[in-house]
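This is what each chain is made of:
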Amino acid sequence: MNASPLNAWIEGIGFLAPGLPDWPAARAVLRGEQAYAAAPSVLPAPALLPPAERRRASRVVKTALAIGLEAVAHAGADAATLATVFAASGADGHNCHALCEQLASDDRQISPTRFHNSVHNAAAGYWGIATGSMAPCQVLCACDASFGAGLLDALAQVALARTPVLLIAYDSEYPEPLHAKRDTPDCGGVALLLSAARSERALAAIRVSPTADVAAQLADPELEVLRTSIPALRVLPLLKRLASGERGRVCLDYLAPMQLVADVEPC
Amino acid sequence: MTPLLLSAFTATSCLGRGLDATRHALRSSRSGLAPCAFETVKLDTWVGEVAGVDDEKLPAALADYDCRNNRLTRMGLETDGFGDRVREAIARHGKTRVGVFLGTSTAGILQTELAYRRRDPATGALPDDFNYRTTHNSFSLTEFTRAYFGLEGMAMTISTACSSSAKVFAAAARQIELGMIDAAIVGGVDTLCLTTLYGFASLQLTSPQPCRPYDAARDGISIGEGAGFALLERVAGAAPGSVLLLGAGESSDAYHMSSPHPQGLGAKLAMEAALKSAGLAPDDIDYINLHGTATPANDAAEGTAVAALFGGRAPCSSTKGATGHTLGAAGAIEAVICALALTDGLLPGSPGTATPDPAIPVQYLLESRSSRVRRVLSNSFGFGGSNCSLVFGVAA
C-alpha cells in the first residue's frame, strides 16, 4: 500500500445504473455471475420523503436518495448522524430545461419551486430534510471528474474529522435540446459509506493517491459505455475490484493528467 | 485546524475592481447598488452589477470558455496582482501541487438562457456556438482557472448555493493539512442571470429598493455579482500582520429548501464549529461579517443564533447593502472584506440600514469605524440549509 493519508474503510455500498438497479445486481454482473442486460434505470420512490415531496421528487433526487439509503442500510448506519459529500456533474436537467424555456418566452414568471429545485445542492437539501442530519454536507461538481472530486473531499473529511462520511455521486440526463450538447444517457450513481474506524461490517480498506497513470477500463464493452457516459460511474473499476474480493490496485479516471490510484484490501 | 496564510487576496464587485476600490467604498459606507438595468430584465429591484465585465477578453486558446461568468473570473484573477502571486506560487510548489477550489451557484447559465432564445425554429436545436461544458456547467469557472494557470492538480467546484465560496476555504484547507497539495486558489464567482433574478423575485425575496440588512423594515435582497479570490498556503515565515485562516465550521439545517431554521440552529452549529476549529471562544471575536441578506427570515434566524452565542458583545454587520448578495461569490468576497477589516483596522458599516431591528439583540454597526481588529468571523448560509462560518486572524 502507498502512504497516502486518504484512506478509509468502506462500510456500505449503494448503486444504481441502467440495467443495474442496486448493488447486489451490479456485484453479480461485475463478478461475471450474471450477464449485463441493458435497461432504463429504475428509480425507487424516496420512502424517506413526506408524500407530497415524494410525488414531486425529481429523477436526480430519487437517484441520490436511493443510492444513499442503500449504502446506509448496507452499513447498518444511522443517516441522521452522517456527514455527507454529494458529487454530481450537473443538477436537475429537466428542471433546468423548463426554466430556460420559460425565461426565453414572453412569460418569465417562473415557479418558486422550480427555482429552489434548480440549485446544484437540491438533492443534498432534500437528503438533509429527509434524514434530519445537521452534520456538514458538501456538494461538489467537477463535470466528468465529479466522482474523483467527491472521493478526494470525502476521504479528507474522514482523515481529519475521524467520523464516517457518506459519499453520494450521481448524475441525471438532460432532455433535448440540451441533450444534444450534454449526452448523459440516463440516471446513475454510487454511494460509499467511508469510515476511519473498522467495524464488523467493513467490506474493504481503500487508500487513494494521485497518479499520472492511465485510468482502468472495463473489458465488457457495455459496462465500459456506462463508465464513460455517466460520470459517477467512473467508479466502476473500483467496484469491480470490490466485487471480486481480491486485493490490488486500480486507477480511476479523475482530471487528466491527474488520476487517482486506489489500493483495495478486502476484509 | 492548522492556520493557513492568505498570501494574496482580491475582490471585484459593484463596489469596484480590487482592494482599494473595495476599502474606500467600505470606509465611506458607499453602496454599489443601482436600479436593475441588466440585459432585458424587467423587475422592480436593485442589483450590484460589475462594470466592464463584457469588455474582458479571454486568451485565444481558452475562447471556448467565453461567457460573462468566465470574463468576470479572468477579470478577478488579474486584479491586485493576484495572478502574478499565483504564478509565483506555482513556480515554488509545482503545477500539480496547487489546487483550485471555487464556489458558484449558477456559473455561466446566462449563456444557456441566451442560447434558448436562438433555438432553430424547425428543430428546436441550440445554436452550434453554445458549449455546455465550458460555460453552463458548474465546473466551468474552475476548469477555466486551472487551464488559465496551466495547472495539473486537484480541482473542484463547490456549489451549495450561497455558502459555496465559504466552503471552498474549508475543503482546500483539508487537502493542504493532509499534505495532498501545498497551496490552493480558493474563491467564488457568480454573475447576474435571469434564473436568479426572476427566481428570487418568484420567491418574493427581492426588495424593490436597495436592500437593508438587519433593518426593522427590511424587505428582501438585492442581487449582486462578483469575484473574490485568495491564495492559501502554509503559514511558515509569514510576516507579522499577515492574514490567516484560523478556523472553519460547516453544518446543515435539515429544515427547508428555501427558508432558514427559524431559531438559526444550523447557523449556530456552524459558528460553534468554526470557533472550535480555531481554538477560540466567542469573546475572542472582534467583528462578525454577517450573512445578513436582508430577508425578514434570514436576518431573524441568523441574529437569533449570533445573539445566543455572542450576546451583544461582538460588533457585527452585513456588507450586502454595499455589494448586494453575490450568492455563490458572497463567501469569498466577504472573506476578503474580513481580510481588509484585519489589515486596515476597519469595522465596515451597513449602507442602506437605517433602524436596526430591535427584536435582534446584536451589536449592529450602521457606520464604518476604525478599531483594533485581531480576529473576525464570517457567516455564509445557503438554500438547502447549507451553512459555513470562517474565522480569520493576523499573524503575530
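Everything quoted here is computed from the prediction, not taken from an experiment. (Residues numbered from 1 in each chain as written. Chains lettered and ligands numbered in written order. Predicted model: local features only at pLDDT ≥ 70, side-chain atom pairs only at ≥ 80, totals over all residues.)

Asker: Tell me about the overall build of chain B, residues and numbers included.
Answerer: Counting secondary structure elements, chain B contains twelve helices and 17 strands. Whereas a compact globule of 396 residues would reach a radius of gyration of roughly 21 Å, chain B reaches 20 Å, a difference of no more than 12%. Here chain B holds 396 residues, and 67% of them are scored as buried. Looking at chain B alone, contacts between residues at least 24 apart form 81% of all its contacts between residues at least 6 apart. (Helix = DSSP H or I, 4+ residues; strand = E, 2+ residues; numbered from the N terminus. Rg over C-alpha atoms; globule rule 2.2 N^0.38 Å. Buried ≥ 20, exposed ≤ 12 C-beta atoms within 10 Å, placed from the backbone. Contact = placed C-beta atoms within 7 Å.)

Asker: Before we move on, could you go through the pairing of strand 5 (residues 98-103) of chain B and cite the residues and values that matter?
Answerer: Residue and element names in this part refer to chain B. The element strand 5 is largely enclosed, with a buried count of six among its six residues. Strand direction decides the pairing type here: strand 5 and strand 7 (residues 183-190), joined by six bridges, are parallel. From the neighbouring strand, glycine 103 faces strand 7, where its bridge partner is glycine 188. When strand 5 meets strand 6 (residues 155-158), the two strands line up parallel, connected through four bridges. If you follow leucine 102 over to strand 6, its bridge partner there is threonine 157. (Pairing = 2+ DSSP bridges.)

Asker: Go over helix 7 (residues 146-161) of chain A with me, naming the residues and quoting the values.
Answerer: Residue and element names in this part refer to chain A. The terminal C-alpha atoms of helix 7 lie 22 Å apart, and with 16 residues this matches the ideal 22 Å at 1.5 Å per residue to within 8%. Burial within helix 7 is extensive, with 14 of its 16 residues counted as buried. Just past helix 7, the residue arginine 162 takes up positive phi, approximately 55°. (Expected span 1.5 Å × (residues − 1).)

Asker: Describe the pairing of strand 6 of chain B, listing the residues and the values that go with them.
Answerer: Side chains of strand 6 of chain B alternate between two faces, with Ala155 and Thr157 of chain B and Met156 and Ile158 of chain B buried alike. Bridge count for strand 3 (residues 137-141) of chain A against strand 6 of chain B is two bridges, and the pairing is antiparallel. Residue pairing across strands places leucine 140 of chain A opposite isoleucine 158 of chain B, the latter belonging to strand 6 of chain B.

Asker: Explain the interface of chain A and chain B to me, and be specific about the residues and the numbers.
Answerer: In this assembly, 52 residues from chain A lie in contact with 55 residues from chain B. If you list the elements that add at least two residues to the side of chain A that touches chain B, you get helix 4 (93-103), helix 5 (112-116), helix 6 (122-131), strand 3 and helix 7 of chain A. Per element, the largest residue contribution to the side of chain A that touches chain B is seven residues, and it comes from helix 7 of chain A. Its residues assigned to classes, the side of chain A that touches chain B shows 33 nonpolar, 13 polar and six charged. (Nonpolar A, V, L, I, M, F, W, Y, C, P; charged D, E, K, R; others polar.)

Asker: Give a description of the environment of phenylalanine 101 of chain B that names residues and reports values.
Answerer: Tracing the backbone through its elements, the reader meets phenylalanine 101 of chain B in strand 5. Discounting residues that sit within four places of it in the chain, phenylalanine 101 of chain B has contacts with Met156, Ile158, Val168, Ala171, Ala172, Ala184 and Val186 of chain B.

Asker: Summarise the nonpolar core; cite the residues concerned and give the values.
Answerer: Leu155 and Leu167 of chain A together with Phe169, Leu232 and Phe392 of chain B are the most contacted members of the largest nonpolar core, which has 232 residues in total. Per-element accounting of this core gives the leading share, eleven residues, to helix 12 (residues 330-344) of chain B. (Core = buried A, V, L, I, M, F, W, Y, C linked by C-beta atoms within 7 Å.)

Asker: Lay out the packing of helix 3 (residues 59-75) of chain A against helix 6 of chain A with the relevant residues and their values.
Answerer: Residues and elements named next belong to chain A. Packing of helix 3 against helix 6 brings their axes to within 9 Å, and their N-to-C directions diverge by 50°. By the angle between their directions, the pair helix 3 and helix 6 is classed as oblique. Where helix 3 crosses over helix 6, the two elements pack in a sense that is right-handed. Here Val60, Val61, Ala64, Leu65 and Gly68 of helix 3 lie close against helix 6, whose contacting residues are Ala122, Ala123, Tyr126, Trp127 and Ala130. (Axes fitted to C-alpha atoms, helices over the stretch in contact; angles between N-to-C directions. Parallel < 35°, antiparallel > 145°, perpendicular 65-115°, else oblique. Left-handed = near helix turned anticlockwise from the far one by under 90°.)

Asker: How would you summarise unusual backbone geometry if you had to cite specific residues and measurements?
Answerer: All names here are of chain A. With omega at 5°, the peptide bond leading from glutamate 176 into proline 177 counts as cis. Take proline 177: it is sitting in the loop between strand 4 (165-171) and strand 5 (188-195). Following alanine 256, the chain continues into proline 257 via a peptide bond in cis, with omega recorded as 5°. For cysteine 143, which is not glycine, the phi dihedral falls at a positive 50°. Structurally, the position occupied by cysteine 143 is in the loop between strand 3 and helix 7.

Asker: Describe the confidence of the model for chain B, listing the residues and the values that go with them.
Answerer: In this model, chain B carries an average pLDDT of 97, and 100% of its residues clear a pLDDT of 70 or more. Per the prediction output, this complex has pTM 0.98; the corresponding ipTM is 0.98. (pLDDT = per-residue confidence, 0-100.)

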